[in-house]
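Descriptive analysis of the structure
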Amino acid sequence: MPRKPVRPMYWLGDALLILDQTRLPTSIVYRELRTVQGVAEAIRTLRVRGAPAIGIAAAYGVVLGLRRSASQTRSSLIQAVEEAAAELSSTRPTARNLFWALERMRATAAKHADEGKVSLLRALETEANRIWEEESLACRRMAEHGAALLPEECTVITHCNAGALATAELGTAVGVIYAAIQAGKRVRVFVDETRPLLQGARLTAWELTRAGVEVTLICDNAAAFVMARQRVDAVLVGADRIARNGDVANKIGTYNLALLAREHGVPFYVVAPTSTFDLAVTRGEEIPIEERDPREVTQPFGFPIAPPAVRAYNPAFDVTPASLIRAIVTERGVIYPPFEENIPRMMPAAASPEGPSRQG
Ligand code: MRU
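What counts as what
Residues numbered from 1 in each chain as written. Predicted model: local features only at pLDDT ≥ 70, side-chain atom pairs only at ≥ 80, totals over all residues. Heavy atoms only, no water. Salt bridge = Lys/Arg side-chain N within 4 Å of Asp/Glu carboxyl O. Helix = DSSP H or I, 4+ residues; strand = E, 2+ residues; numbered from the N terminus. Buried < 20%, exposed > 50% of the residue type's maximum accessible area, 1.4 Å probe, protein only. Near = heavy atom within 4 Å. Polar contact = N/O pair within 3.5 Å; in protein donor to acceptor, adjacent residues only side chain to side chain. Areas by Shrake-Rupley, 256 points an atom, 1.4 Å probe, with all protein chains shown as cover. Nonpolar A, V, L, I, M, F, W, Y, C, P; charged D, E, K, R; others polar. Domains from an automatic or database assignment. Contact = heavy atoms within 4.5 Å. Buried area = accessible area lost by both parts, 1.4 Å probe. Pairing = 2+ DSSP bridges. Axes fitted to C-alpha atoms, helices over the stretch in contact; angles between N-to-C directions. Phe/Tyr/Trp six-rings, centres within 6.5 Å; stacked < 30°, edge-to-face > 60°.

With that settled, consider the pattern of salt bridges. Considering all chains together, one arrives at 21 salt bridges under this definition. As a salt-bridge pair, R92 and E290 come within 2.9 Å of each other at their nearest N and O atoms. One end of the pair, R92, is in the loop between α3 (74–89) and α4 (96–112); the other, E290, is in the loop between β11 (277–278) and α10 (295–298), with 198 residues separating them in the sequence. Classification of E290 by relative accessible area gives buried; the value is 6%. Note that D293 and R295 form a salt bridge whose closest N and O atoms lie 2.6 Å from each other. A cluster of three or more residues bridged by salt bridges with shared partners is formed by D20, R31, E41 and R47.

What follows is the structure, given as structure tokens:
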């Protein structure tokens, strides 16, 4: 690979510097976020997006929230952290990593609030850095485990952006592609454009091309024909939340792709860190699905493509039933069916429903 994958954000100590993903691929614009409100706005509007990246950004958002507050007593410090966490958790309901990261930040606050504001800030910053490092390491591990599943020469389809832009580094599904190429495999990639916000076309095609990977962009509705006419060896997607039974919430259109993969005998792999699993959710129907502004469908990027008064439905995610999934690749290894038995076994203890108090 000629170039290192792009980095979606940098922590500057007093600000979070993000690559504004709404401006890609035409402009490379960085924004400095100095307030919790700024981080929440960036997550809500998809300037920062992808479940793991949202979790990391939110963790730093809590630090920024506390920095700005005048709180000094234990209870007011806790309250400031709770308010920041509440603001951030209202942004995107489906991404489990968001709530997972905020739970860790709240637990850190509860542990260190007695030590005063300066120590608490240091502890929160350390925890946010730790979350970032752990997610980076998870990306590297998932990439290795996933790359081993691909043949020496292969064609894969991916959906949305589960790449470096969506994570701490490398990516989940796209990280597998980077690692396979690094290991000397010849990988050809079809990228679904991913309506309505075109994360596949704008982000995945951009980051893979930039990294020197061979990419062919297709309309979402071309995937069946591609599977029928070309040899496709695997579908690789990320996840926003995975239920205890293996049902997977991911970008709208993932379920379509899974159905097509089954029909054409193509293995369908989900690649996600353990921070994306929600063991308190027993099945996919319980996963909260974000609904976004219908104008993203009728006027994408401000350009009207439908009659102004037409009603549109815009779920941002769908749920792929576990029965359509060949395996789920995590940093701890590859999970195969029966998922109901094998998922809980693979999870770190803190991710169990008996872990820290939870919301989301
Ligand atoms: O709405 P987005 O762009 O945040 O959706 C992102 C996805 O659906 C990704 O596939 C998912 O978050 C996994 S990213 C590693």
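Let us keep going from here.
Okay, the site of the ligand next. Around the ligand lies a shell of 18 residues, among which R49, R92, D240, N250 and K251 are the nearest. A distance of 2.7 Å is found between an oxygen atom of the ligand and a side-chain nitrogen or oxygen belonging to D240. Calculation on the ligand without its partners gives an accessible area of 410 Å², and the protein chains cover 100% of this total. Of all the elements in the fold, those that place two or more residues in the shell around the ligand are α2 (51–68) and β9 (248–251). Its residues placed into classes, the shell around the ligand shows 7 nonpolar, 7 polar and 4 charged. Two domains each donate at least three residues to the shell around the ligand, and these are domain 1 (9–139) and domain 2 (144–359).

All right, on to the domain arrangement of the protein chain then. What the domain assignment reports for the protein chain is domain 1 (9–139) and domain 2 (144–359). In this structure, domain 1 and domain 2 have C-alpha centres spaced 24 Å apart. Counting residues at the interface gives 31 residues for domain 1 and 34 residues for domain 2. Of the roughly 2,900 Å² buried where domain 1 meets domain 2, counting both sides, 53% is carbon and sulfur surface. Considering only the side of domain 1, the residues that lose the most area to domain 2 are T94, R96 and C139, jointly responsible for 24% of the buried surface there. In this structure, the connection of domain 1 to domain 2 is made through 1 salt bridge.

Before going further, it helps to examine the sheet that holds strand β2 (residues 16–19). One open sheet accounts for 3 strands, arranged β1-β2-β3; its pairing is antiparallel. Of all strands in the sheet, those with a lone pairing partner are β1 (9–11) and β3 (30–33), marking the two edges. Between one strand axis and the next, the sheet turns through 20 degrees on average, direction left out of account. Relative to β2, β1 is paired through 3 bridges, and the arrangement is antiparallel. When the bridges of β2 are listed, M9 appears paired with I18. Strands in contact with α2 are β1, β2 and β3; relative to β1, the strand with the most contacts, it is inclined by about 30 degrees.

Here the focus is the side chain of S69. One can find S69 in the loop between α2 and α3. Leaving out residues up to four positions away in the same chain, S69 has contacts with A80 and K117.

This part covers the packing of aromatic side chains. Scanning all chains against the criterion turns up 3 aromatic pairs. Each ring, one from W11 and one from Y60, has its centre 4.5 Å from the other, and the planes form 20 degrees; the classification is stacked. With W11 in strand β1 and Y60 in helix α2, this pair connects stretches of sequence that are 49 residues apart. Classification of Y60 by relative accessible area gives buried; the value is 1%. By way of ring pairs, the aromatic residues W11, Y60 and W132 are connected into one cluster.

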